[in-house]
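# Chains, contacts and geometry: an overview
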Amino acid sequence: MAYEAEAAEVKPDAPKDKKRKNKEKDAELLKSALEDYDAAYEYQRANIDAANEDLRFRRGEKEDQWDAQALEVRKDRPCLVINTLPQFIRQVTGDMRQMRPSIKVNPVDSRGDPKTAEVLAGMCRYIENRSFAKHIYTTAADSQVAAGIGHWQVTTEYAGSSTFNQEIRIIGIEDGVSVLWDPDSVLPTREDAMFCHVPFDMSRRAFKKKYPNASAEGFAFTSMINTDGWWTGDSVRLSKYWKKKPIKRSLVLSPDGSIDDVTDQIKETGKEYMAELAAWYERQGYRFEQRDSFEVCRYLVTANEILETTEWPGMHIPVVPVLGEEVRIGREVYRHGVVRYARDPQRMVNYYASADDEVVALQPKAPFMVTEVNVAKYQDAWNKANTDNAPFLPYTPDPVNGGQAPIRVQPAVSSQ
């Protein structure tokens, strides 16, 4: 009876305590996510800004390829854009498209089976076909060649609305330049990264419709360094925050050479029984070992809260980077694509074309050398000489210059 009374006193408070602990845990996790965002953004800020400038330059608007000072100086003078960059980008991406990149499966060790590899390759082809992966690969390659980096990712989804079966799908990343990786990762595949942010923007209207209980205002932590873009008048920034958590993976090697992962089994039975389980396996002639590994979680976060939490069935972050050229100077990494060093030559092309166009346009407007007496009676006709195609221009001979006819000044000649 005493035990029941004690349980009755504790039970009403237990859900509140659990809710409070979960809230504190989410707050700590959100703080860690935003700190990781700050650290990664500060490390990649120069590369991100330069890559976005490359993409704008490749777009080819007048404001992209002519700086504001040059436009102000030239004002009404020609400022042409002869955008030659796309043809050089397509020379590279065209070869990529012809190569038809795809996933390949090869048996590599004594346990590898060519027939199994062939089956897995067929499954990969199915995944690529249903995902329209060719378009996703080439889109990422376009960003890679133009701006120095691109991304795509792997996800899972239900095969249909009436089944519990899930299928793998390859999807693109809208803004591959803005993806933020762990600054301490060095491998080109980023498989050694402990976290990754994939930010994207959503209209405020769509955000409130999809997450009606979420806050669309303010920041959870005012100590954030990079607050630009998280909240604007008509959009809200969200980020898919991928996080690796170190775990111990339990493996069992059987006498026939097969390997079983019993990590989940140990979780269910409890870690306190792990020593007994290991001893039992050894008595049966099995080899039991623990290895360092990771589990991956995905959190959908805003600057104010965590909206979704999903466990990923794998040990690697399913975001794939495709990199351009990188130059590492100490800890700094300088990344670029084709456009970076083609900016100044492209500006020269624009300037030369504009100057040539200006010279050609001014040739029929070269001024006449006249005296006041020559044009005194015919001011209206002479004022329209550069705009009207008059068959003749009348003038009055002036004794001062010996009665010579007005002559046109020699115009500038285009450079050969």
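Residues numbered from 1 in each chain as written. Predicted model: local features only at pLDDT ≥ 70, side-chain atom pairs only at ≥ 80, totals over all residues. Heavy atoms only, no water.

## A word on the overall build of the protein chain
Our working rule: Here a strand is any run of E in DSSP of at least two residues, a helix any run of H or I of at least four, and the numbering for each starts at the N terminus. The Shrake-Rupley method, run with a 1.4 Å probe, gives the accessible areas here. Residue values count only the displayed protein chains as cover.
Helix and strand content of the protein chain: 13 helices and 13 strands. Of the roughly 27,100 Å² of accessible surface on the protein chain, 54% is carried by carbon and sulfur atoms.

## Comments concerning the sheet that holds strand β1 (residues 149-158)
For sheets, the rule is that strands pair by backbone hydrogen bonds, running either parallel or antiparallel. We count it as follows: Only when DSSP finds a minimum of two bridges between them are two strands counted as paired. Between N-to-C directions, angles span 0 to 180 degrees; the directions come from axes that are lines fitted to C-alpha atoms, helices contributing only their stretch in contact. By the convention used here, residues are in contact when the closest approach between their heavy atoms is within 4.5 Å.
Across the sheet, three strands lie side by side as β2-β1-β9; this open sheet has antiparallel pairing. Unpaired on one side and paired on the other, β2 (166-172) and β9 (319-323) mark the two borders of the sheet. Neighbour-to-neighbour, the strand axes of the sheet open up by a mean angle of 20°, direction not taken into account. Each of β1 and β2 touches helix α6 (residues 114-131); the most contacted strand, β2, lies at about 55° to it. Helix α7 (residues 133-147) rests against β1, β2 and β9 of the sheet, and its axis sits at about 155° to β1.

## So, the side chain of Q144
Selection rule: Relative accessible area decides the class of each residue, using a 1.4 Å probe on protein chains only: under 20% of the type maximum gives buried, over 50% gives exposed, and in between gives partly exposed.
Positionally, Q144 belongs in helix α7. The exposure class assigned to Q144 is buried, which follows from its relative accessible area of 16%. Residues within four places of Q144 in sequence aside, it is in contact with M96, I149, G150, V322, L323, G324 and G337.

## Here's the deal with α7
As a reminder, the rule being used: To estimate the expected span of a helix, count its residues, drop one, and scale the result by 1.5 Å.
If you check α7, its first and last C-alpha atoms are 21 Å apart, about what 15 residues at 1.5 Å a residue would give, namely 21 Å. Among the 15 residues of α7, eleven are classified as buried, and the element is accordingly described as predominantly covered. A positive phi of about 100° marks G148, the residue just after α7.

## Remarks on the nonpolar core
Applicable threshold: Here, nonpolar core refers to any group of buried Ala, Val, Leu, Ile, Met, Phe, Trp, Tyr and Cys residues whose side-chain atoms link them within 4.5 Å.
The biggest cluster of nonpolar side chains holds 30 residues, and the ones touching the most others in it are F207, L238 and Y299. Sorting the residues of this core by element identifies α2 (14-59), β4 (195-203), β5 (235-253) and β7 (287-301) as the ones contributing at least two each. Per-element tally for this core: the top contributor is α2, with nine residues. Setting aside its immediate chain neighbours within four residues, Y299 contacts L29, S239, K240, Y241, K243, K245, I306, E308 and T309.

## Observations regarding α6
Given a rise of 1.5 Å per residue, 18 residues ought to cover 26 Å, and the 25 Å separating the end C-alpha atoms of α6 matches this to within 8%. Along α6, the residues that are buried comprise A117, A121, C124, I127, E128, R130 and S131. Looking one or two places after α6, you find F132, whose phi comes out positive at around 50°.

## What to know about the packing of aromatic side chains
Let me state the cut-off plainly: For Phe, Tyr and Trp, where Trp contributes only its six-membered ring, two rings pair if their centres lie within 6.5 Å, and the inter-plane angle classes them as stacked under 30 degrees, edge-to-face over 60, or tilted in between. Two conditions define a charge sitting above a ring: the NZ of Lys or the CZ of Arg must be within 6 Å of the ring centre, and it must be within 35 degrees of the ring normal.
Scanning the entire structure with this criterion turns up eleven aromatic pairs. Ring centres of Y241 and Y299 lie 6.1 Å apart, and the angle between their planes is 35°; on these two criteria the pair is classed as tilted. Highlighted residues: Y241 in strand β5 and Y299 in strand β7, separated in sequence by 58 residues. The same class applies to Y241 and to Y299, which are both buried. Cation over ring: K240 sits above F200, and NZ or CZ is 5.9 Å from the ring centre.

## Some words on the pairing of β5
As judged from the nine bridges shared by β4 and β5, these two strands associate in the antiparallel manner. Paired with S203 across the bridge in β5 is S235. Pairing geometry for β5 and β7, over 15 bridges, is antiparallel. Directly across from W242, in β7, lies its bridge partner R298. When β5 meets strand β6 (residues 259-261), the two strands line up antiparallel, connected through three bridges. From the neighbouring strand, V252 faces β6, where its bridge partner is D260.

## So, the side chain of Q44
Rule in force here: Residues adjacent in sequence count toward polar contacts only when both atoms are side-chain atoms; beyond that, a polar contact is any pair of N or O atoms within 3.5 Å, and within protein one must be able to donate a hydrogen and the other to accept it.
Tracing the backbone shows Q44 in helix α2. A polar atom in the side chain of Q44 sits 3.4 Å from the side chain of R335.

## Focus: the pairing of strand β10 (residues 325-329)
Bridge analysis of β10 against strand β11 (residues 332-336) gives five bridges, and the strand direction is antiparallel. The residue of β11 that forms the bridge with E325 is H336. Once β10 ends, the chain turns through two residues before running back antiparallel as β11, passing G330 with a positive phi of about 65°.

## Thoughts on the packing of helix α5 (residues 85-99) against α7
Convention followed: The handedness criterion is simple: a crossing whose near helix is rotated anticlockwise from the far helix by less than a right angle is left-handed, and one whose near helix is rotated clockwise is right-handed. Under the scheme applied, nonpolar residues are Ala, Val, Leu, Ile, Met, Phe, Trp, Tyr, Cys and Pro; charged residues are Asp, Glu, Lys and Arg; polar residues are all the others, including Gly.
Their axes nearest at 10 Å, the elements α5 and α7 cross at an angle of 145°. α5 and α7 meet at a crossing whose hand is right-handed. Facing α5, whose interface residues are I89, V92, T93, M96 and R97, α7 presents T138, A141, D142, Q144, V145 and A146. The class makeup of the residues in the contact of α5 with α7 is six nonpolar, three polar and two charged.

## A few points about a nonpolar patch on the surface
Using the following cut-off: Patch members must show over 30% relative accessible area and no salt bridge, and they are joined within 9 Å when carrying like charges or within 5 Å when they are nonpolar side chains of Val, Leu, Ile, Met, Phe, Trp or Tyr. Whenever a carboxyl oxygen of Asp or Glu lies within 4 Å of a side-chain nitrogen of Lys or Arg, that contact is scored as a salt bridge.
The grouping of V327, I329, Y334 and Y341 at the surface amounts to a nonpolar patch, some 410 Å² of accessible area in total. For I329, the position within the fold is in strand β10.

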